[in-house]
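An overview of the molecular structure
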Amino acid sequence: MPSIPGMKATPSPTLPSHAPRVRITAGVGTVNQKTWNVRRPVTLIGSGQNCHILLPGAAVAKAHCAIINNGTHVLLKDLCTPGGTRCGGTSVDLHGLKDGDVVEIGDFRIQVAIQSACLRSDQTASGIRLDETGSVPPIGLSLHPSGHEPRGVLRSPVYVVGRREECDLTLADPQVSLAHALFFCLDGRAVVSDLGSRTGTRINGERQSLAYLKPGDVLQIGPCEVAIGDGESESAAASKRPSALVQAEAALRSREARLAEREAALERKLLYLNELEKSLQRREEQINELARRVRESLVPAGAAQPFAQVVPMQEFISPDAGPTAPSPAADALDRAWRIIRRGNA
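This structure is a prediction, so every number in the text was calculated from the model and none was measured.

Re the overall build of the protein
If you tally the helices and strands in the protein, you get 3 helices and 21 strands. Expressed as a percentage of its 345 residues, the buried residues of the protein come to 35%. Across the protein, every contact between residues at least 6 apart in sequence was considered, and the portion connecting residues at least 24 apart equals 43%. If you sum the accessible surface of the protein, you get close to 21,300 Å²; carbon and sulfur atoms cover 54% of it.

Let's talk about the nonpolar core
Ile68, Leu79, Val158, Leu182 and Phe184 are the most contacted members of the largest nonpolar core, which has 23 residues in total. Within the residue set of this core, elements represented by two or more residues are β3 (42–46), β5 (65–69), β13 (158–162) and β15 (181–186). Residues within four places of Leu79 in sequence aside, it is in contact with Leu44, Ala63, His64, Cys65, Ala66, Val160, Arg164, Ala179, Leu182 and Leu195. In this structure, Leu141, Cys185, Ile221 and Val226 belong to the second largest nonpolar core, which totals 22 residues.

A few points about the pairing of strand β1 (residues 21–26)
Across 6 bridges, the pairing between β1 and strand β11 (residues 108–115) is antiparallel. Each bridged residue has a counterpart across the sheet, and for Ala26 the counterpart in β11 is Ile110. Sheet topology places β1 next to strand β2 (residues 34–38); 5 bridges connect them, and they run antiparallel. Bridge assignment links Val22 to a residue of β2, and that residue is Val38.

So, the pattern of salt bridges
Tallying each qualifying case throughout the model produces 8 salt bridges. Salt-bridge contacts for Asp101 lead to Lys98; the nearest nitrogen and oxygen are separated by 3.1 Å. The class of Lys98 is partly exposed, set by a relative accessible area of 22%. Here the residues in one salt-bridge network are Glu289, Arg292, Arg293 and Glu296, joined through shared partners.

Remarks on empty space enclosed by the protein
Per the counting criterion, the structure on display carries 1 cavity of 30 Å³ or more. What the largest cavity holds in volume is close to 30 Å³. Lining the largest cavity are Val22, Val38, Arg40, Pro41, Thr43, Ile67, Ile68, Asn69 and Val74. It is β5 that provides the largest number of residues to the lining of the largest cavity, a total of 3 residues. Partitioning the lining of the largest cavity into residue classes produces 6 nonpolar, 2 polar and 1 charged.

Topic: the confidence of the model for the protein
Per-residue confidence for the protein gives a mean pLDDT of 81; residues scoring 70 or more make up 75%. Counted against residues more than four places away or in other chains, residues 1–10, with its pLDDT under 50, gives 17 contacts. Taken together, the stretch residues 306–311 has pLDDT below 50 and engages in 4 contacts with residues farther than four places along the chain or on a different chain.

Some thoughts on the environment of Asn50
Position of Asn50 relative to the elements: it lies in the loop between β3 and β4 (53–54). As a C-alpha pair, Asn50 and Lys62 span 12 residues in sequence and 8.6 Å in three-dimensional space. In terms of polar contacts, Asn50 uses its side chain to reach the backbone carbonyl oxygen of Gly196, at 3.4 Å.

Notes on the packing of aromatic side chains
Counted under the stated rule, the structure contains 1 aromatic pair. Ring centres of Tyr159 and Phe183 lie 6.4 Å apart, and the angle between their planes is 70 degrees; on these two criteria the pair is classed as edge-to-face. With Tyr159 in strand β13 and Phe183 in strand β15, the pair connects residues that are 24 residues apart, well separated along the chain. Comparing Tyr159 with Phe183, the two get one shared label, buried. Taking NZ or CZ as reference, Arg189 lies 3.7 Å from the ring centre of Tyr212, over its face.

Details of unusual backbone geometry
Note: most residues except glycine have negative phi, and most peptide bonds are trans. In the Ramachandran plot, Asp187 falls in the positive-phi region, its phi being about 55 degrees despite a non-glycine side chain. Although it is not a glycine, Asn204 adopts a positive phi angle of roughly 55 degrees.

What about the sheet that holds strand β14 (residues 169–170)?
Across the sheet, 5 strands lie side by side as β14-β13-β15-β16-β19; this open sheet has mixed pairing. Because the sheet does not close on itself, it has two edges, and the strands there are β14 and β19 (210–212). Here β13 runs beside β15; their pairing, made up of 4 bridges, is antiparallel. Bridge pairing in β15 places Val160 opposite Leu182.

Here is what the cut-offs are and how they apply
Residues numbered from 1 in each chain as written. Predicted model: local features only at pLDDT ≥ 70, side-chain atom pairs only at ≥ 80, totals over all residues. Heavy atoms only, no water. Helix = DSSP H or I, 4+ residues; strand = E, 2+ residues; numbered from the N terminus. Buried < 20%, exposed > 50% of the residue type's maximum accessible area, 1.4 Å probe, protein only. Contact = heavy atoms within 4.5 Å. Areas by Shrake-Rupley, 256 points an atom, 1.4 Å probe, with all protein chains shown as cover. Core = buried A, V, L, I, M, F, W, Y, C linked by side-chain atoms within 4.5 Å. Pairing = 2+ DSSP bridges. Salt bridge = Lys/Arg side-chain N within 4 Å of Asp/Glu carboxyl O. 1 Å grid on protein atoms, 1.4 Å probe; cavity = no way out; pocket = protein on both sides within 12 Å on 5 of 7 lines; lining within 4 Å. Points joined across faces, edges and corners; volume = space filled by probe spheres on them. Nonpolar A, V, L, I, M, F, W, Y, C, P; charged D, E, K, R; others polar. pLDDT = per-residue confidence, 0-100. Polar contact = N/O pair within 3.5 Å; in protein donor to acceptor, adjacent residues only side chain to side chain. Phe/Tyr/Trp six-rings, centres within 6.5 Å; stacked < 30°, edge-to-face > 60°. Lys NZ or Arg CZ within 6 Å of the ring centre and 35° of its normal.

Have a look at this one:
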């Protein structure tokens, strides 16, 4: 990368001897075709003056994509650009490159040749193929940006920080570039690479273009500070103790279970009350029917209503009637009359 004013000249991480060799050819099939043999961990491609491969054009972002050699794999990473990056005609975000792949950025075509370090320079077939990035190790660090929620362990092989909302970590500050820096693992160690930003990337106060990271470092991206934590130990500690969110969720689920039990008990009680009400209605109907039968048995058939008052016996005996032989019915009526009179006396 071209020198940047204010950049401290410190030894940068370099590729190990066993890292694959990469050759990049831009403008394939045109008179402007140009080839580079790349022996650096990060090759930045874009329209910005600080890019290693400069592609002028409106469809190309200043920092558009990066080709990353991590010592064992060669990766293509789109830097969250609106136009995107294609490989083999397919839009990609993070893609494991293989020998002969063609990267497309706008109208530009870039062919990548990958060669194993153990082969001679005239052998183009590398035998290195990575169709999936799942085998690439994660970074193993955690980020604690000031004024932002802490980020967990960086599980992705490549992690982009910048002002774009699509970045893995978005820092909404005008002094932060759209794609400011990226993290990845180089031969098993965490590395941060500045993407040609305007305000630079500092580690513990020193401006760096490419540098190793370790827990306890303070990363300055523009005016924003990001503390670096030991992601693996934090992840292990988090797995041993439930977080406050997990505890709150467990408490809510327990409360939900208790409320469900109360609701079921109330439903059972309501069902019992409904059955009891139906039973009482049936008993009331039976009692009303029994009362009706009693009334019908006491009132003679055809009578309009029962006697309202007791009629004196004399009114039933005609004064002109002579003595007659007593009848059983008359005797019974006479006895009833005497009983009523004694009761009224």
